[in-house]
Amino acid sequence: MGFQQRLSRFAARHLANRWLPLNKGRGVVSFSFDDVPASACHQGAMLLELYQARGTFYVCGGLTDGVEQNQACHSVVDLQRLLENGHEIGCHTYSHTNCANASSGFLLEDWERNLAFFRQHGITHHGFAFPFGAYALGSKLAASKRFSYSRITGGGTQTGRADLSALRAQSLYSASSNIDALGALIKHTATEGGWLILYTHEVSETPGPWGATPALLETALQAATQEGCQLLPVHRAIDFFLS
């Protein structure tokens, strides 16, 4: 990352914030899935539903019926079924764009392509997640005008307040997640009345570096349930903290 990009990222962290107070006294854990491999729609959604939870699935319309990172991607029917079962669909750009490097004009066109895809198939959607967690001040500002919220990466539990234009999320990857650290993070979320957003990609017995096994996902679900956290998709978590 060059100096100008680092400067823009630094500015984006500290400017154009839209603060959501997190003062309900009860922790919330949200489960999200980027790019939406087919396994997330099937195995991932099934596990969430076993725990009376619903997730947020950030969709790139350009990946529909395709293959990414050797993983079969979602179909339109998958997305429609997720909605029918109470899950949230969000925008992830149409072409899986690195928003830190793209011009505002390109981003607006790409977002519109994805939103047109949703309209074409009658898919209700909320919010946005930056692919790769990559954003800059310009893309943060543009997204804040277009979407009710935007999710980045960055990790950890949000306590006290959260920036609706840059909601932090913690990776849930079997290749790099530590079970004890995950449990401690969820316990911290419950104790502090904070908000933990987890994200992964595929849910498979043999995941790639950006996916989770069903066992890891269920471990997180069990821990969040045992700690008394609310399990809510992102847009419903926002409604909870605003109520």
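Our subject in this report is the structure included herewith.

Analysis parameters
Residues numbered from 1 in each chain as written. Predicted model: local features only at pLDDT ≥ 70, side-chain atom pairs only at ≥ 80, totals over all residues. Heavy atoms only, no water. Helix = DSSP H or I, 4+ residues; strand = E, 2+ residues; numbered from the N terminus. Rg over C-alpha atoms; globule rule 2.2 N^0.38 Å. Contact = heavy atoms within 4.5 Å. Areas by Shrake-Rupley, 256 points an atom, 1.4 Å probe, with all protein chains shown as cover. Lys, Arg positive; Asp, Glu negative; His and termini not counted. Charge placed at Lys NZ, Arg CZ, Asp CG, Glu CD. Axes fitted to C-alpha atoms, helices over the stretch in contact; angles between N-to-C directions. Left-handed = near helix turned anticlockwise from the far one by under 90°. Nonpolar A, V, L, I, M, F, W, Y, C, P; charged D, E, K, R; others polar. Salt bridge = Lys/Arg side-chain N within 4 Å of Asp/Glu carboxyl O. Buried < 20%, exposed > 50% of the residue type's maximum accessible area, 1.4 Å probe, protein only. Pairing = 2+ DSSP bridges. Right-handed = clockwise from strand over helix to strand, strands pointing away. Polar contact = N/O pair within 3.5 Å; in protein donor to acceptor, adjacent residues only side chain to side chain.

The next subject is the overall build of the protein. The secondary structure content of the protein amounts to eight helices and twelve strands. Taken against the 2.2 N^0.38 rule, which gives 18 Å for 243 residues, the C-alpha radius of gyration of the protein at 17 Å falls within 12% of a compact globule. Considered along the principal axes of its C-alpha atoms, the protein spans approximately 45 × 40 × 35 Å. A separation threshold of at least 6 residues defines the contact pool for the protein, and within that pool the share at least 24 residues apart is 72%. Looking at the protein as shown, the accessible area adds up to about 10,400 Å², and 51% of this sits on carbon and sulfur atoms. Counting 18 positive and 19 negative side-chain charges, the protein places the averaged centre of each group 11 Å from the other.

Where helix H4 (residues 104-120) contacts helix H5 (residues 137-146), the two axes come as close as 11 Å, and the packing angle between them is 35 degrees. Between H4 and H5 lies a crossing whose hand is right-handed. For the pair formed by H4 and H5, the contact residues are Leu 107, Leu 108, Trp 111, Glu 112 and Leu 115 on the first element and Ser 139, Ala 142, Ala 143 and Arg 146 on the second. Across the contact of H4 with H5, the residue classes break down as six nonpolar, one polar and two charged.

Across all of its chains, the model carries six salt bridges by this definition. Close ionic contact of Arg 119 with Glu 112 constitutes a salt bridge, the shortest N to O distance being 2.4 Å. With a relative accessible area of 54%, Arg 119 lands in the exposed category. With relative accessibility at 30%, the residue Glu 112 sits in the partly exposed group. The network of salt bridges with shared partners includes Glu 112, Arg 119 and Arg 146.

On to the pairing of strand E11 (residues 195-200). Most of E11 sits inside the fold, with six of its six residues counted as buried. As paired strands, strand E2 (residues 28-34) and E11 are joined by six bridges and run parallel to one another. Looking at the pairing, Ser 32 lines up with Tyr 199 of E11. Bridge analysis of strand E10 (residues 167-171) against E11 gives two bridges, and the strand direction is parallel. In the strand pairing of E11, Ser 171 is matched with Tyr 199. Taking the sense of rotation as the criterion, the β-α-β connection linking E10, helix H6 (residues 179-192) and E11 turns out right-handed.

With a phi close to 70 degrees, Asp 35 is a non-glycine residue in the positive phi region. The phi angle at Phe 132 is positive, at roughly 65 degrees, despite the residue not being glycine. The topology assignment puts Phe 132 in the loop between strand E7 (128-129) and H5.

Moving on, we come to the side chain of Ser 139. The topology assignment puts Ser 139 in helix H5. Classification of Ser 139 by relative accessible area gives buried; the value is 3%. Among the polar contacts made by the side chain of Ser 139, one reaches the main-chain carbonyl oxygen of Cys 99 at a distance of 3.4 Å. Sequence-distant contacts of Ser 139, that is, excluding residues within four places in its chain, are made with Cys 99, Leu 107, Trp 111 and Phe 130.

Before going further, it helps to spend a moment on the environment of Tyr 94. Of note, Tyr 94 is situated in the loop between strand E6 (88-91) and H4. With near-sequence residues (within four places) excluded, Tyr 94 lies in contact with Cys 60, Gly 61, Gly 62, Leu 63, Asp 110, Arg 113, Asn 114 and Phe 117.

Summarising the element assignment, Glu 68 is placed in strand E4 (residues 67-68). Notably, Glu 68 is buried but unbridged: the nearest opposite-charge side chain belongs to Arg 151, and the N-O separation is 12 Å. The residues contacting Glu 68, other than those within four sequence positions of it, are Asp 35, Leu 63, Cys 73 and His 96.

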